[in-house]
Amino acid sequence: MKTTSIEPFFATLKAANPSPQTELEYTNVFELLSAVLLSAQATDVGVNKATRKLFPVANTPQAILDLGLEGLEGYIKTIGLYRSKAKHLMQTCQILVERHGGQVPRTREELEALPGVGRKTANVVLNVAFGEPTMAVDTHIFRVGNRTGLAPGKTPLAVEMQLMKRVPPAYAVDSHHWLILLGRYVCQARKPRCWECVVASYCDYSPKTPAPAAGKR
């Protein structure tokens, strides 16, 4: 993607969705951290179904600890890898209570020190909860970065570093959401819906996918 196309690319995404939000449901920072931890290799829809039952019962580190491991597993067993995720969440809650007064820390180093919390999860929490211009590169952003030519890279970290350099500061905080939504609903893996894409004119992908014939969508 040409450097001159980047600003209008994001300006167009902003015009179409001025205030993008995560699709994970949460009411406090701990709920957000928990939901993101649970979302690894799972859909936001699936995580939300489980947390709608879990969070009304336990939405603080101590409340999760009080449930016990088996109790927690009972709420999240519909999520893939739920046993390991339950273990990590319990360990994280223990650390939050013992070292952070039950609060979610605000630094990358402290977040990544929590069990089950990697760079991507830390970036989501820093961005969504604390408004920092971080870039959590999931499969959608990785695909969009490479396919559009916005941020080519062979690894998620390489794409993240490219995006941090190329996204204009005015769009930095919200760009993570725009790119995820673009990849999830339009720039899909098997067949990108180029005919519906508002930023197709700035994208390097070629040839663009034509609109399907009527009745075949």
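Okay, so let's go over this structure. Since we're looking at a predicted model, the values are computed, not measured.

### Quick look at the pattern of salt bridges
So, point 1. Within the structure shown, the criterion is met by seven salt bridges.
So, point 2. When the shortest N-O distance is used, the salt bridge between arginine 108 and glutamate 112 registers 3.5 Å. Here glutamate 112 and arginine 108 lie together in helix H6 (residues 108-112), a separation of four residues that amounts to about one turn.
So, point 3. A relative accessible area of 21% places arginine 108 in the partly exposed class.
So, point 4. For glutamate 160, the salt bridge identified is with arginine 119, shortest N-O distance 2.8 Å. Pair noted here: glutamate 160 is in helix H9 (residues 156-166) and arginine 119 is in helix H7 (residues 119-128), with a separation of 41 residues, a long-range link.

### Examining the nonpolar core
So, point 1. Grouped together as the largest cluster of nonpolar side chains are 36 residues, with contacts concentrated most on Ile64, Leu72, Ile76 and Leu111.
So, point 2. Where this core is concerned, the elements lending two or more residues are helix H2 (29-38), helix H3 (44-54), helix H4 (61-76), helix H5 (82-100) and H7.
So, point 3. Met1, Leu13, Ile180 and Val186 belong to the second-largest nonpolar core, a separate cluster that totals 24 residues.

### With respect to H3
Because an α-helix completes one turn every 3.6 residues, residues spaced three or four positions apart along the sequence face the same direction.
So, point 1. When we look at burial in H3, the residues that qualify are Asp44, Val47, Asn48, Ala50, Thr51 and Leu54.
So, point 2. The elements touched by buried residues of H3 are H2, H4 and helix H10 (172-185).

### Quick word on the packing of aromatic side chains
So, point 1. Across all of its chains, the model carries three aromatic pairs by this definition.
So, point 2. With 5.1 Å between their ring centres and 80° between their planes, phenylalanine 9 and phenylalanine 10 make a pair best called edge-to-face. Side by side, phenylalanine 9 and phenylalanine 10 carry an identical accessibility label, which is buried.
So, point 3. Between phenylalanine 10 and tyrosine 171 the ring centres are 6.0 Å apart and the planes differ by 20°, which places this aromatic pair in the stacked class. With phenylalanine 10 in helix H1 (residues 3-16) and tyrosine 171 in the loop between H9 and H10, this residue pair connects regions lying 161 residues apart in the sequence. In this pair, the class of phenylalanine 10 matches that of tyrosine 171, namely buried.
So, point 4. In this structure, arginine 147 is placed above the aromatic ring of tyrosine 205, and the distance from its NZ or CZ to the ring centre is 5.2 Å.

So, how was this worked out
- Residues numbered from 1 in each chain as written.
- Predicted model: local features only at pLDDT ≥ 70, side-chain atom pairs only at ≥ 80, totals over all residues.
- Heavy atoms only, no water.
- Salt bridge = Lys/Arg side-chain N within 4 Å of Asp/Glu carboxyl O.
- Helix = DSSP H or I, 4+ residues; strand = E, 2+ residues; numbered from the N terminus.
- Buried < 20%, exposed > 50% of the residue type's maximum accessible area, 1.4 Å probe, protein only.
- Core = buried A, V, L, I, M, F, W, Y, C linked by side-chain atoms within 4.5 Å.
- Contact = heavy atoms within 4.5 Å.
- Phe/Tyr/Trp six-rings, centres within 6.5 Å; stacked < 30°, edge-to-face > 60°.
- Lys NZ or Arg CZ within 6 Å of the ring centre and 35° of its normal.

These figures come from the coordinates and say nothing about function on their own.
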